[in-house]
Amino acid sequence: MTTRRELTTIVLAGGKSSRMGQDKALISIQGMPLLQRVCSIAQSCADVIYVVTPWPERYQDLLLPSCQFIREIPLSGEPLAHGPLVGFAQGLAEVQTQWVLLLACDLPRLRVEVLQDWVTRLDRVGDDKVAALAHHPKGWEPLCGFYRRRCLPQLLEFINQGGRSFQQWLQQYPVEVLPLPELEMLFNCNTPEDLALS
Ligand SMILES: Nc1nc2c(ncn2[C@@H]2O[C@H](COP(=O)(O)OP(=O)(O)OP(=O)(O)O)[C@@H](O)[C@H]2O)c(=O)[nH]1
Ligand SMILES: [Mg+2]
């Protein structure tokens, strides 16, 4: 069975938070900044956690034991906020395990038991699959699921051709569907209105 030692988690914390109007990673929900909350949940699944961000200094005072920062660098000729797909690729380049759990930093309702159940299913995922993700009415949920490390070359090729969309990239490959007991856990805190519901 895939153990926590054989899984790496990547948490993305480099978005513009333009809808929120302030850095979502630092917003406290029930007394804990969102990034810290997501990282603490990640710790229940994996030994190694990377926080991929262009600005690690901003988060250095958060309590993130056993998390390591990966400083994102801009692609040549492009501004920094190049989006989550490029951030993921830069993190994935450092990963040593076969599987990686990718998490956005704006998921206040993640459920540890569901993530742990998903981990137990990884061994049975067919070899042809590049990822194992939950599916919801709008498509795959790319920022709360698992990817094989070996998809890095295909990902880089897609990015080099100008691709920036997870959904478009995933359309090209077989993906395993993970059971989602409640859509609620993928609730994304993007706006001040979302925050009021959190
Ligand atoms: N490392 C990294 N993470 C990113 C980047 N863009 C988005 N993310 C992360 O991806 C996740 C989902 O981001 P979104 O909710 O789509 O949006 P956002 O860009 O933070 O905010 P908006 O400007 O309101 O769209 C969050 O965890 C972001 O921090 C990026 O360029 N680099
Ligand atoms: Mg979001």
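Thresholds applied
Residue positions are counted from 1 within each chain, in the order its sequence is given. Here chains are named by letter from A upward and ligands by number from 1 upward, in the order in which they appear as written. Residue-level local features of this predicted model are given only where pLDDT is at least 70; pairs of side-chain atoms are given and counted only at 80 or more, and the full residue set underlies all totals for whole chains, interfaces and linings. Working from all heavy atoms in the structure, the side-chain values ignore hydrogens and water. UniProt positions are given in the numbering used here, feature names are shortened, and annotations may be inferred rather than shown by experiment. Exposure categories follow from relative accessible area, calculated using a 1.4 Å probe and restricted to protein chains: below 20% of the type maximum is buried, above 50% is exposed, and the middle band is partly exposed. Helix numbering and strand numbering both begin at the N terminus, where a helix is a DSSP run of H or I of at least 4 residues and a strand a DSSP run of E of at least 2. Strand pairing requires that DSSP identify at least two bridges connecting the strands. Water is not part of the atom set, so a site may look incomplete; the donors themselves are N, O and S atoms within 2.8 Å of the metal, or 3.2 Å for Na, K and Ca. In this analysis, rings of Phe, Tyr and Trp, with Trp reduced to its six-membered ring, are considered paired at centre separations within 6.5 Å, and the interplanar angle assigns stacked below 30 degrees, edge-to-face beyond 60, and tilted for intermediate values. Geometrically, a charge over a ring is one whose NZ (Lys) or CZ (Arg) sits within 6 Å of the ring centre while staying within 35 degrees of the ring normal. In protein, a polar contact requires one atom able to donate a hydrogen and another able to accept it; more generally it is a pair of N or O atoms within 3.5 Å, and residues adjacent in sequence count only if both atoms are side-chain atoms. Only heavy atoms matter for contacts: two residues are in contact if any of them lie within 4.5 Å across the pair.

With an unreviewed UniProt entry as reference, the protein is termed Probable molybdenum cofactor guanylyltransferase, source organism Nostoc flagelliforme FACHB-838. In the Cofactor (unreviewed entry) part of its UniProt record, the protein is described as follows: "Mg(2+)". UniProt annotates the protein under Function (unreviewed entry) with the comment "Transfers a GMP moiety from GTP to Mo-molybdopterin (Mo-MPT) cofactor (Moco or molybdenum cofactor) to form Mo-molybdopterin guanine dinucleotide (Mo-MGD) cofactor."

Chemist: When you look at the pairing of strand 1 (residues 7–12) in this model, what are you seeing that I'm missing?
Modeler: Along any regular strand, the residues point their side chains to alternate faces of the sheet. Most of strand 1 is tucked away: 6 of the 6 residues are buried. Alternating positions in strand 1 separate into two faces, L7, T9 and V11 on one and T8, I10 and L12 on the other, with burial throughout. Relative to strand 6 (residues 99–104), strand 1 runs parallel, the two sharing 6 bridges. Paired with T9 across the strands is L101, a residue of strand 6. Here 5 bridges tie strand 1 to strand 4 (residues 48–53), and the two strands are oriented parallel to one another. The residue bridging T8 from the neighbouring strand is V48, located in strand 4.

Chemist: It is not clear to me how the coordination of the magnesium ion (ligand 2) should be interpreted in this structure. Could you clarify?
Modeler: Ideal geometry at a metal gives 109.5 degrees between four tetrahedral donors and either 90 or 180 degrees between six octahedral ones. In this structure, D106 (OD), N188 (OD1) and N190 (OD1) serve as the protein donors to the magnesium ion (ligand 2), at separations of 2.0 to 2.3 Å. Within one chain, the residues serving as donors to the magnesium ion (ligand 2) are arranged as D-x81-N-x1-N. Here D106 is found in the loop between strand 6 and helix 3 (112–121), whereas its partner N190 is found in the loop between strand 10 (175–178) and helix 6 (192–197), with 84 residues between them in sequence. Of the residues examined, D106 reaches a relative accessible area of 6% and is grouped as buried.

Chemist: Looking at this structure, I do not really get the packing of aromatic side chains. What am I missing?
Modeler: Any pair of aromatic rings gets described here by the distance separating the centres and the angle formed by the planes. Going through the model one piece at a time under the given rule, you end up with 6 aromatic pairs. Here the aromatic rings of F88 and Y147 are separated by 4.8 Å at their centres, their planes lie at 50°, and the arrangement is tilted. You can see F88 sitting in helix 2 (residues 84–92) and its partner Y147 sitting in strand 9 (residues 144–148), a full 59 residues away along the chain. Like Y147, F88 is buried. Within the aromatic cluster, the residues linked to one another by ring pairs are F88, Y147, F166, W169 and Y173. One residue, R58, lies across the ring of W55, its end atom 4.1 Å from the ring centre. The cationic tip of R109 hangs over the ring face of F187; the distance from NZ or CZ to the ring centre is 4.0 Å.

Chemist: Please explain the environment of Q96 as it appears in this structure.
Modeler: Summarising the element assignment, Q96 is placed in the loop between helix 2 and strand 6. Spatially, the C-alpha atom of Q96 lies 9.7 Å from that of V48, the residues being 48 residues apart in sequence.

Chemist: What am I meant to see in the side chain of Q90 here?
Modeler: Inspection of the secondary structure assignment puts Q90 in helix 2. You can call Q90 buried: its relative accessible area is 16%. Looking at Q90, its side chain comes within polar contact range of the main-chain oxygen of I73, at 2.8 Å. If near-sequence neighbours (up to four positions away) are discounted, Q90 is found in contact with I70, R71, E72, I73, L75 and H82.

Chemist: Can you walk me through the UniProt feature "binding site: GTP" (unreviewed entry) in the protein in this structure?
Modeler: What UniProt calls "binding site: GTP" (unreviewed entry) maps, in this numbering, to L12, A13, G14, K24 and D106. These residues run over 95 residues, yet every pair of their C-alpha atoms falls within 11.3 Å of each other. Within the element layout of this structure, L12 appears in strand 1. Setting aside residues up to four positions removed in sequence, L12 forms contacts with V52, P84, G87, F88, L102, L103, A104, C105 and L143. Judged by its relative accessible area of 22%, G14 falls in the partly exposed class. Setting aside residues no more than four positions away along its own chain, G14 makes contact with V52, T53, P54 and W55.

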